[in-house]
Structures are given as C-alpha cells and as structure tokens.
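As a plain string of letters, each chain reads:
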Amino acid sequence: MSAAASCLLTEDQCLCSICLDVFTDPVAIPCGHNFCKTCITIHWDKHVTYQCPNCKEVFDSRPQLRVNTFISEVATHSSEQQVSKPGEVPCEICTGTKLKALKSCLVCLESYCETHLQPHLTKSGLKRHQLIDPVEDLEDRMCPKHDKLLELFCKTDQTCVCMLCTVLDHQTHKVVPLKEEYEGKKAELGETEAEIQQMIQKRRLKIEEIKHLVELSKEDADRETAEGVQVFTALKESVERSQAELIDTIKEKQRKTEEQAEGFIKELEQEISELKKRSTEVEQLSQSEDHLHLLQSFTSLNAAPPTRDWTGVSVRPPSYDRTVKRAVSQLEEMLSKQMKKLFEAELKRVQQPVVDLTLDPDTANPWLILSDDGKQVSCGDVGKNLPDKPERFDCPSVLAKQSFSSGRFYYEVQVKGKTEWDLGVARESINRKGSITLTPQNGYWTIGLRNENEYDACAGPSVRLSLKSQPEKVGVFVDYEEGLVSFYDVDAAALIYSFTGCCFTEKLYPYFSPSLNYAGRNSAPLIISPVNHTE
C-alpha cells in the first residue's frame, strides 16, 4: 500500500472505537462502522440486543462480520510504525498512541511520525522546510530575542545566533554557518575521542601492568615464604639437635660423676665394715683379763688398719660452661652459614636490575681524572682549567650521566686499594658548590671510608659501621618507590648498610667521590665494574 493511500485515512479512522487502539483484524457491520473482530464479538456477547456501539443502530439478529481489507491494510501499515518509547521523540500530531517521530521540522517546530510526515514530502510549500533527525524542545532552537531560527555561530562570543543577531548585536563579529562550526567541532570531538580512547588504552595497559606486578609480587612472596620456612626449619632442627646433644652430654657427665661417687661410697662402706669388725675385736681384747693373751694380740690389732687416706678424695660437680658455650658456638656457626646463604640470595636478586653507567664530565671537579670510557675516576695532582658550570662540583665528586625517577637499579664499584672514598646516590637539586655535607637532608644517600679502615654511613649524624672485612667491590641497590638505598660487600655477599623509609621526589643520580690524592696514598681509581651475577 502506498504512503499516499495511507494518508487517505486520518489517525482516528485507523483506531477501534472500543479499545481505542489500531485495528486488529478489522471487520465491518451492516451500518458501515468498523471494529476489531475480538472487540465487537465480546461487546455483543455481553448484551442481549445487537447494537452498533457508535450509531446505536439495532439489528434483529447477530450480523455476519466481514473483514474490511482496506482498513486492515492501513491498520497493519500503521502498526508497523514504532510506538515511541521513553527517551524517544514522539510525533506531536498523533492523538492517543504516540508513534515514534522520524523527523523534526525547524520551520514548523514540530516532530512527525511517518504518516504525519507525508505532507512535508509531497506538498511543494512544505518541501522547502528544513527537516532534521527528531529532537525535543525545538523552541530552544529559536533565538529568544528575535524569535528566529538559530542557524549561525558567532566565533567571537562562542554562541549560536540568528540572522537578525548578526545585523544588530554581532555585526563586527566573526560569524559562520552552524554547519561549518559543527564540522570543526565534530573534528575536535573526533580528536578528543581519539585521545580519550588512547588514555583508556593506556590505563588498561597500566591495569595489566599492575596486575602483572601483583603476580610477580605474589611469586616473590611465595618464594620468600618458602625460603624462609626452609631456613627456619633448618634452624629449628639444628637448635633441637644441639639441645638434644647438650642434654645428652650433660647427662653423660652427671652419670660419670654419680658412678665415681658410688665407687667411693662403696669403698668407704667396705672400710667402715672392716673398721667396725676391728672395733669389736679391740673392745673384746680390752675387756680381757688374760695378761698373756692381751699382750700377744695387741701387736697385731694395733697395726694400721687396711684403709686409704680419704683426705684429698672428693667428688667435684662437672663444669658445664664449656659444654653450653661449645653448643652455642656451633649454633652461631650454623646461623652464620645460613645468613651468608640468605645474603647471597638477596644479592643475587638485587643484582637483577643492573644498569650501565658512565661518568658525566660536566659534573666532575677539575681535579678529577676520568677515563676515556667514563668508567673510572681518580683525583689528580693538578686541577684542569674547566668552565665553572652550575652542575660542576667544587669538591672532588662526579655524577653519572644516567638518572632514575622510578623503579629499581643496581651497579657495582671497585674500591680496592683506596684509603678514602664516598659512594651512593644524590638527587638532582643538590648543592654542588662550596662545602658540602653528605646527608639525606641535603639530598645525599652515601657511605664512605676514612683513614683506611673507618667506614661510616652518612646518615646525618653519621653511623660508624663495623665490618668483618674490608670490601674491595661495593654494590649499590636503589628501590625508588620503596625508598630504599642498600650497600653490599659483593665478594663477601654481605649487607653493609641500608637507608630505609626515604622519600624520593626527584631524579636520582649515582654519586662518586674518590676523595683527595694525599700524595699518592689514595691514587687508586673508583671503577664502575661489570656485574658478575652470583651463582
């Protein structure tokens, strides 16, 4: 059915007067009125007389219902048009059920469904009207001052204007058609959308990165837990074994002491028994009145009894001091071995984020001598004539070219043969002129050697370090986010010192000071060494 034919009927003529909705199976009755087949059937089932609900004409018998094919086709076409839903623009001409608008007219300031849009598509006078996709509040598209269509854009005031506005209020302003500004803004929105999508993608990648880091952290935690349990299990077993051995040793000493005492007691009791026997014989002889018998027996009885001298005999409790000390010493030795294993494992982990450093000649004090490859620095006997740049140190110091503002990094420096040196990291904004005090408050996190064997952490105040051996190679590890700077004796696989709880907000540069030459006594260079990962 053509759209023109559908316009021959008004909207009301497509509606059933009983259900007030678009016809479903429309039928005609003898008086000419049309109803939904179900609606008129139910209506007549409820009444005794057969009467038309519209004109009230009464029929003698129940009329035969005939399908109205024309109205059925029109109703079907109308029902195919979508009923407007919440959020959609409804047709402003429809009465009763509002159909979804297909277009809005900027001249009529109304929105139309397919049926009511037909005059704008067929009538010459309406064809010239500007149709747009359906929008609500068409009045907002009119200039409130001149009641004319807002069809221009004032770039000077960044506002939409009508034709009269350009003549009266914006005559000196730059005005362009809405479409031109629309295209420009649409292009900007496209760029903005692209930027937003790029930002979204970056954040999604960051989420994946964080999730990956969490997984790595979990793996580290599981590994640390397993290693910790293994170490403490070994310690526990060793302690229990040492305790059992100590108890057995003490019990054995006590058993031997008791055996010795029992031997003495048995011997003494035997001598007491013999002495009692002798006492009885002496008592009997002393009561004898036979002069000859007493004198003959006296000599044998008066002889020394068969006993030993007990004056110097004693049972001394055994000393357990050495036993306990030996057991504790064995534990310390075992603990020292376990600690060495832990530090070796720790050093192996911190060596992973190793970085390749070169010294920055623009920061080096004029008395310092840098190797051609930028890996060595020592203090010379003569100062060079160099430009006094703001980044150059007045003291015998130099920074690396590389800086770090996130993550972890590690490097090693050979200090063999030196009597003085300082190593660590420094923030970018440090003072490099005049007298410098190496403290975290001043932006330096360093350790140093003085007088050949005095090691200090420059923590402000300095902390004297007690080292079992003099390191020949020092490892420096930094975790920027964790606020951690640690120093290691690489060969001994031992931790020297750690700065913890640091708050880094700037770039960090590796810091080196070979100190003064001291007439050749401290001429050995500091050497940035390649890292040999511990096995």
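Heads up: these notes are all about the structure in this document. Along each chain, numbering runs from 1 in the same order as the chain's sequence is written. For a predicted model such as this one, the threshold for reporting local features is a pLDDT of at least 70, and the threshold for listing and counting side-chain atom pairs is 80 or more; totals across whole chains, interfaces and linings nevertheless cover every residue. Calculated side-chain values reflect all of the structure's heavy atoms, with hydrogen atoms and water omitted.

### Concerning the overall build of the chain
Phase 1: For the chain, the count of helices and strands is nine helices and 24 strands.
Phase 2: All radius of gyration figures rest on C-alpha atoms, and the globule criterion is 2.2 Å times the number of residues raised to 0.38. Computed over its C-alpha atoms, the radius of gyration of the chain comes to 54 Å, more than 25% above the 24 Å expected for a compact globule of 535 residues.
Phase 3: Projected onto the principal axes, the alpha-carbon positions of the chain cover approximately 185 × 95 × 40 Å.
Phase 4: Buried residues are those whose accessible area, probed at 1.4 Å on protein chains only, stays under 20% of the maximum for their type, while exposed residues exceed 50% and partly exposed ones sit between those limits. Sorting the 535 residues of the chain into buried and exposed places 34% on the buried side.
Phase 5: Residue contacts follow a heavy-atom distance rule, with two residues in contact if any of their heavy atoms lie within 4.5 Å. Partitioning the contacts of the chain with sequence separation of at least 6, the portion at a separation of at least 24 is 56%.
Phase 6: When the accessible surface of the chain is summed, it comes to about 33500 Å², and 53% of that surface belongs to carbon and sulfur atoms.
Phase 7: Residues counted as positive are Lys and Arg, residues counted as negative are Asp and Glu, and His and the chain ends are not counted. Charge positions come from single atoms, namely NZ of Lys, CZ of Arg, CG of Asp or CD of Glu. Mean positive and mean negative side-chain charge positions of the chain (64 and 83 charges, respectively) differ by 2 Å. A helix here means a DSSP run of H or I that spans at least four residues, while a strand means a run of E at least two residues long, and both kinds are numbered starting from the N terminus. Working definition of accessibility: Shrake-Rupley area with a 1.4 Å probe, residue cover restricted to the visible protein chains.

### Quick notes on the side chain of Arg432
Phase 1: Residue position: Arg432 is located in the loop between β16 (421–427) and β17 (444–450).
Phase 2: As a buried residue without a salt bridge, Arg432 has its nearest oppositely charged side chain in Glu391, at a separation of 6.0 Å.
Phase 3: Residues adjacent in sequence count toward polar contacts only when both atoms are side-chain atoms; beyond that, a polar contact is any pair of N or O atoms within 3.5 Å, and within protein one must be able to donate a hydrogen and the other to accept it. From its side chain, Arg432 meets the backbone oxygen of Glu428 in a polar contact 3.2 Å long.
Phase 4: If we ignore the near neighbours within four places in the chain, the residues touching Arg432 are Thr363, Pro390, Glu391, Arg392, Phe393, Asp394 and Leu399. Only one rule defines a salt bridge in this text: a Lys or Arg side-chain nitrogen within 4 Å of an Asp or Glu carboxyl oxygen.

### As for unusual backbone geometry
Phase 1: Note that the residue after Gly460, namely Pro461, is joined by a cis bond; omega there is 5°.
Phase 2: On the secondary structure map, Pro461 appears in the loop between β18 (454–457) and β19 (463–465).
Phase 3: If you check the backbone angles, Ser515 has positive phi at about 65° while not being a glycine.
Phase 4: Structurally, Ser515 can be placed in the loop between β23 (508–513) and β24 (526–529).
Phase 5: Residue Tyr518 is not a glycine yet carries a positive backbone phi of 50°.
Phase 6: Tracing the sequence through the fold places Tyr518 in the loop between β23 and β24.

### Remarks on the packing of aromatic side chains
Phase 1: A pair of Phe, Tyr and Trp rings is counted when the ring centres sit within 6.5 Å of each other, with Trp represented by its six-membered ring. The angle between the planes then sorts it: under 30 degrees is stacked, over 60 is edge-to-face, the rest tilted. Scanning the model with the defined rule gives eleven aromatic pairs in all.
Phase 2: Aromatic pair Tyr444 and Tyr511: ring centres 5.4 Å apart, planes at 75°, arrangement edge-to-face. A residue pair is termed long-range when its members are at least 10 positions apart, and Tyr444 in strand β17 and Tyr511 in strand β23 qualify at 67 residues. Like Tyr511, Tyr444 is buried.
Phase 3: Aromatic pair Tyr497 and Phe499: ring centres 5.0 Å apart, planes at 80°, arrangement edge-to-face. The pair Tyr497 / Phe499 is uniform in exposure class, with both members buried.
Phase 4: Ring pairs connect the aromatic residues Phe393, Tyr444 and Tyr511, which therefore count as one cluster.

### Some words on the sheet that holds strand β22 (residues 494–499)
Phase 1: A pair of strands is considered paired only if DSSP assigns at least 2 bridges between the two. Pairing within the open sheet is antiparallel, and its seven strands lie in the order β12-β13-β24-β15-β20-β21-β22. In this open sheet, the two strands that pair with only one neighbour each are β12 (368–370) and β22. For this sheet the average axis-to-axis angle between neighbouring strands, irrespective of direction, equals 20°.
Phase 2: The sheet contact formed by strand β13 (residues 376–379) and β24 spans two bridges and is antiparallel. What sits directly across from Gln376, in β24, is Ile527. Every axis corresponds to a line fitted to the C-alpha atoms, with the helix fit spanning only the stretch in contact, and the corresponding angles, defined between N-to-C directions, vary from 0 to 180 degrees.

### With respect to the pairing of β22
Phase 1: Pairing of strand β21 (residues 484–489) with β22 involves five bridges; the strand directions are antiparallel. Each bridged residue has a counterpart across the sheet, and for Ser486 the counterpart in β22 is Ser498.
Phase 2: Once β21 ends, the chain turns through four residues before running back antiparallel as β22, passing Ala493 with a positive phi of about 50°.

### Here we look at the environment of Pro134
Phase 1: Secondary-structure assignment places Pro134 in the loop between β8 (131–132) and β9 (152–154).
Phase 2: Relative accessible area serves as the criterion here: at 28%, Pro134 is assigned to the partly exposed category.
Phase 3: Between the C-alpha atom of Pro134 and that of Arg203, which follows or precedes it by 69 residues, the distance is 37 Å.
Phase 4: When near neighbours in sequence (up to four residues on either side) are disregarded, Pro134 contacts Val89, Ala101, Leu102, Lys103 and Ser104.

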